[in-house]
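Topology and contacts: notes
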Amino acid sequence: MTLNRLTVESLRWHCCPEQFEFETTGDLVPLHDAIGQERALTAVDFALGMPDDGFNLFLVGPSGTGRSSTIRRLLDARASSEAIPEDWCYVHDLDTGSHPNCYALPAGVGLKLQEDVATLVKKLAEQIPKIFESKEYDEYRAQIASEYQKKSKKIFENLEKRAQESGFVLQRSVSGLVLVPSHEGQPLTQTEYDALGEDEQQEIDQKGIEVQRQLAEAMAETRQIEQQLQDAIGEMETEVVTMTTQHLFEPLEATYQEHEWVIAHLKRCRDDVVANLDQVRPVKKKQLLASLVEPQEGSYWDRYLVNLFVSHAESTGAPVVFEPNPTYFNLFGRIEHVVHMGNAVTNFTRMKSGALHRANGGYLVLNCRDVLMNYFSYEALKRCVRNREICMEDLAEQTRLIAMAALKPEPIPLRCKIIMIGEPYLYQMLCQYDSDFTKYFKVKADFDSAMPNTWQNVALYAQFIATQCTKNQLLPYGRDGVAAVVEEAARQAGDQKRLSSHFLYLSDLVRESAYYARRQNDARVRQQHVRMALDASRYRNDRVEQLLREMVDEGTVLLSAQGREVGQVNGLSVYQSADYQFGMPTRITVSTWLGKEGVISIDREAKLSGSIHDKGLMVLSGFFAQRFGQDKPVAFSASICFEQSYGGVDGDSASAAELFALMSRLSGIPLRQDVAVTGSVNQRGQIQAIGGVNEKIEGFFAVCKRQGLTGSQGVMIPASNVQHLMLRPEVVEACDQGEFHVWSMETIDEGIALLTGTAAGECVDGRWPEDSVNGQVDRQLQRYVNLLRALQKKEE
């Protein structure tokens, strides 16, 4: 078996600049559509076209794939042609005062109504109190009072006359009217009364009883007259105020006669003014603590105002609201309070709308993570969707031990399409742990992280670059500059046949490359500027990588890219440091001895390995049993270790390297240290694809370059990973000059032949060639079996 050495053309996909028909991106039309997201765009179009009833939309995909910008563009285009929703107003509940009523008006009418009512209330506040201070009012009141006073006076005159006829005089005291006996018109003193005879006293007392009865009747009649006086004054005031309010309300009622609720509300307001004259008449108030407390003038009249809760007076279509901070109050509105003399007071005019109110009749876009991070927001949002109404509640009621009086506004009907944007793991979590989630978000728009590498998409990439240049006022890109960005998109996708959809990263690259072109006073961005931007970005982030490479140079980390060793191989790992990842070779060693423990991972025993790595290690036992255990038990002990690895190890990409080292130790045939290995292996010895292939190759190349390229060094990778190669130009150039190599392998036998320089051998009639690697391994395993049998017999 001969291993396939990859050609230079297969190491990196090359985007030919000559295929472009433009000189610079300045010749291109800017792009306004999303690239390569046909599946997601189909889902978005379906969700936006469906009636609400739970068909809300969840945009899934990695950050930077254009989810927010795409949905913003689509919603703006769609909403501009849709009907403008209604204005919403709140008015005071004149019955209970605690349940403000909501009403809808055509767009723009709410603002006019609010202004008209405010003008009306201002006039009421000015003119109604003046009624009670006018000269005409005083004359009417005095005239009515005069008539009833005459009646009262006549009653008392008749009473005094009857009292005198009976020998009594009517006198006024601090306790009221008092009857006093008299003689010849003069009141008797107590002494004079006591000097009278007994018969005379009895006669006076009997007459006094009758006169006292007449006095009580007169007092009752007087009180009735006083009540009639108050009623008459009240009727007069009601009539005057009614005429005044009618004069003020009639123009407004005529203006809004098409809106029944407005007419009904104005009538209730007019009746309320008349029914509460004591509240609107002027009262001279004492100025208590005038320096500390400001008078609350006009506060009573606020009850007649209109709170324009949501206005679409300036809207040109359906609303599109992006709420960046979806707290409970920002979403569902708030009821503001002011502190007055130590008390928190509020009224319906202090109710403020939330994002859901403003988006009603249109679209509301939220970030899923932000919603989940804010307490109460997610559950309250589901409640609104479930009940199809926006209910404004006092959030503090849920945390107070004692219920307190608060406003409970009438809910507003909900008719809004809700769009949530989130990472795939958030979508999976909500589907798994929230049974209601799929009821209310029935449509998923899945944004892919990559797209097919077709000429159509490459051309769209060029337009995307032109759009970024126009948007950010950058230098135009030349053909080679566009080609370099497209090649980087393929590298980010990790596939020659795909292009990355992480447009946030690519837009940053476009700006950074233009920066270096401007620094060099170039008129356009070229390939060299893109590579300068990539190198600069790598330099800003590779401190840890360079530190590890220096440790290899100094010998602190034992690693060699030359020579041969038995039971030792250079595996390849990918290190992740925040948003930067790089590859590094790792020495893998194997020790074997007589025993029955099988393959032991030192990293697993030390609890430094992950479950996938442990699975890959167990596959090795299956491989040996399948290949060498058909005619004998496979009985040996082996330990495998990632040397100088002090952190966690996971993944199965080193299982092929571990198997090579194990076969080398069993056969005694040394392995080349100038060839690094990456790849997963199955129980049949087939090599399987792995991740991070580019970083791994570049990591070993960097070590070889620092130690000196010999022309024999290289990396073996799975054949199924060849299409994923997008190596840096530096590595491709070294391979083109024969200083470095990349081989692809499909089976373990192909790889072991290259590493040992010895044929792997093929099994014929259950026997392996003695001079082959497999033959040497089989002989050693047979030797272990024989030794174990001999030891067992000796023990017996």
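What counts and what doesn't
- Residues numbered from 1 in each chain as written.
- Predicted model: local features only at pLDDT ≥ 70, side-chain atom pairs only at ≥ 80, totals over all residues.
- Heavy atoms only, no water.
- Pairing = 2+ DSSP bridges.
- Helix = DSSP H or I, 4+ residues; strand = E, 2+ residues; numbered from the N terminus.
- Axes fitted to C-alpha atoms, helices over the stretch in contact; angles between N-to-C directions.
- Contact = heavy atoms within 4.5 Å.
- Parallel < 35°, antiparallel > 145°, perpendicular 65-115°, else oblique.
- Left-handed = near helix turned anticlockwise from the far one by under 90°.
- Nonpolar A, V, L, I, M, F, W, Y, C, P; charged D, E, K, R; others polar.
- Core = buried A, V, L, I, M, F, W, Y, C linked by side-chain atoms within 4.5 Å.
- Buried < 20%, exposed > 50% of the residue type's maximum accessible area, 1.4 Å probe, protein only.
- Patch = residues over 30% accessible without salt bridge, like charges linked within 9 Å, V, L, I, M, F, W, Y side chains within 5 Å.
- Areas by Shrake-Rupley, 256 points an atom, 1.4 Å probe, with all protein chains shown as cover.
- Salt bridge = Lys/Arg side-chain N within 4 Å of Asp/Glu carboxyl O.
- Lys, Arg positive; Asp, Glu negative; His and termini not counted.
- Charge placed at Lys NZ, Arg CZ, Asp CG, Glu CD.
- Expected span 1.5 Å × (residues − 1).
- Arc of directions from axis to C-beta.
- Phe/Tyr/Trp six-rings, centres within 6.5 Å; stacked < 30°, edge-to-face > 60°.
- pLDDT = per-residue confidence, 0-100.

**A closer look at the sheet that holds strand β9 (residues 320-322)**
With parallel pairing, 5 strands are arranged side by side in an open sheet as β9-β14-β17-β2-β18. On the outer flanks of this sheet lie β9 and β18 (443-446), each paired with one strand and no other. Pairwise comparison of adjacent strand axes, ignoring direction, gives a mean angle of 20° for this sheet. Direction of pairing for strand β2 (residues 57-60) relative to β18: parallel, over a ladder of 4 bridges. Paired with Val60 across the strands is Asp446, a residue of β18. Here helix α14 (residues 424-433) sits on the sheet in contact with β2, β17 (417-422) and β18, set at roughly 135° to β2.

**Some points on the packing of helix α2 (residues 38-49) against helix α3 (residues 67-79)**
The geometry of α2 relative to α3 is characterised by a closest axis approach of 12 Å and an angle of 40° between their N-to-C directions. One way to sum up the angle between α2 and α3 is to call them oblique. In this structure, the crossing between α2 and α3 has a hand that is right-handed. When α2 is examined against α3, the residues Leu41, Val44, Asp45, Leu48 and Gly49 are found in contact with a partner set consisting of Thr70, Ile71, Leu74, Leu75 and Arg78. Residue composition of the contact of α2 with α3, grouped by class: 6 nonpolar, 2 polar and 2 charged.

**Brief notes about the nonpolar core**
Core analysis: the biggest nonpolar cluster contains 52 residues, and Leu113, Ile128, Val241, Trp301 and Tyr304 have the highest contact counts within it. Broken down by secondary-structure element, the contributors of at least two residues to this core are β3 (87-91), α4 (109-133), α5 (135-165), β5 (168-173), α7 (198-255), α8 (260-275), α9 (277-280) and β8 (306-310). At 13 residues, the largest contribution of residues to this core is made by α7. Membership of the second largest hydrophobic core comes to 43 residues, among which are Ala656, Phe660, Met716 and Met745.

**A few points about the environment of Ser507**
Summarising the element assignment, Ser507 is placed in helix α18 (residues 503-519). Here Ser507 falls in the buried class, since its relative accessible area comes to 7%. Sequence-wise, Ser507 and Met243 are 264 residues apart; in three dimensions their C-alpha atoms are separated by 70 Å. Not counting the four nearest positions on each side in its chain, Ser507 is found in contact with Phe464 and Gln468.

**Here we look at the pairing of β17**
Burial analysis of β17 places 6 of its 6 residues in the buried class, which makes it a mostly covered element. Burial along β17 is two-sided: Lys417, Ile419 and Ile421 facing one way and Ile418, Met420 and Gly422 facing the other are all buried. Judged from the 4 bridges that link them, β2 and β17 form a sheet pairing that is parallel. When the sheet's bridge partners are listed, Leu57 is paired in β17 with Ile419. In this structure, strand β14 (residues 363-367) lies alongside β17, joined through 5 bridges in parallel fashion. Across the sheet, residue Tyr363 finds its bridge partner in β17, namely Lys417.

**Considering a negative patch on the surface**
Together, Glu9, Glu733, Asp736 and Glu739 line one region of the surface with negative charge. Tracing the sequence through the fold places Glu733 in helix α25 (residues 729-736).

**Thoughts on α3**
For α3, spanning 13 residues, the distance from its first C-alpha to its last is 18 Å, which sits close to the expected 18 Å at 1.5 Å a residue. For α3, every residue scored as buried is listed here: Arg67, Thr70, Ile71, Leu75 and Ala79. Take α3 and look down its axis: the buried residues cluster within an arc of 140°, on one side only. Along its buried surface, α3 packs onto α2, β2, β9, β14 and β17.

**With respect to the packing of aromatic side chains**
Enumeration over the complete set of coordinates arrives at 26 aromatic pairs. With centroids separated by 5.0 Å and ring planes inclined at 55°, the aromatic side chains of Phe464 and Phe503 adopt a geometry described as tilted. One end of the pair, Phe464, is in helix α16 (residues 455-472); the other, Phe503, is in helix α18, and 39 residues separate them in sequence. In this pair, the class of Phe464 matches that of Phe503, namely buried. With 5.8 Å between their ring centres and 35° between their planes, Phe624 and Phe628 make a pair best called tilted. Taken together, the positions of Phe624 and Phe628, both in helix α22 (residues 611-628) and 4 residues apart, correspond to about one turn of that helix. When sorted by exposure, Phe624 lands in the same class as Phe628, which is buried.

**Describing the pattern of salt bridges**
Two side chains bearing opposite charge may form a pair once their charged atoms approach each other closely. In the structure shown here, the tally under the stated rule is 35 salt bridges. The partner of Arg479 in a salt bridge is Glu18, with the nearest N and O atoms 3.6 Å apart. With Arg479 in helix α17 (residues 479-493) and Glu18 in the loop between α1 (8-11) and α2, the pair connects residues that are 461 residues apart, well separated along the chain. Taking the relative accessible area as the measure of exposure, Arg479 reaches 21% and is therefore partly exposed. The shortest N-O distance in the salt bridge between Glu423 and Arg67 comes to 3.9 Å. Here the residue Glu423 occupies a position in the loop between β17 and α14, and Arg67 occupies one in helix α3, the gap between them amounting to 356 residues.

**Description of the confidence of the model for the protein chain**
Scored by pLDDT, the protein chain has a mean of 89; 95% of the residues are at 70 or more. Contacts for the low-pLDDT stretch residues 286-298, under 50 throughout, to residues beyond four places or in other chains number 5 contacts.

**Thoughts on the sheet that holds β8**
Adjacent strands of a sheet pair through backbone hydrogen bonds, lying either parallel or antiparallel. With respect to topology, 3 strands assemble into an open sheet ordered β4-β3-β8, the strand pairing being antiparallel. For this open sheet the edge positions go to β4 (101-105) and β8, each flanked by a neighbour on one side alone. Neighbour-to-neighbour, the strand axes of this sheet turn through a mean angle of 35°, independent of strand direction. Where β3 meets β4, 5 bridges bridge the pair, whose relative direction is antiparallel. Residue pairing for β4: Asp87 is matched across the bridge by Leu105.

**Comments concerning the side chain of Gln776**
By the element assignment, Gln776 lies in helix α27 (residues 773-795). The class for Gln776 is buried, based on a relative accessible area of 18%. Among residues more than four places away in sequence, those in contact with Gln776 are Leu666, Ser667, Ile669, Glu770 and Asp771.

**As for unusual backbone geometry**
Trans peptide bonds make up most of the peptide bonds, and negative phi angles are found at most residues other than glycine. Positive phi, normally seen in glycine, also occurs at Arg388, with a value near 55°. Within the secondary structure layout, Arg388 lies in the loop between α13 (377-387) and β15 (389-390). Phi at Asn521 is positive, roughly 60°, even though this residue is not glycine. Along the chain, Asn521 turns up in the loop between α18 and α19 (527-541). On the basis of relative accessibility, which here comes to 70%, the residue Asn521 falls in the exposed class.

**A short note on the pairing of strand β22 (residues 568-577)**
Sheet topology places β22 next to strand β23 (residues 580-593); 10 bridges connect them, and they run antiparallel. Looking at β23, one finds that Asn570 is bridged to Arg587. Here β22 folds back onto β23, and the loop between the two strands holds 2 residues, one of which, Ala578, carries a positive phi near 55°. Relative to strand β27 (residues 675-677), β22 is paired through 2 bridges, and the arrangement is parallel. Each bridged residue has a counterpart across the sheet, and for Gly571 the counterpart in β27 is Val677.

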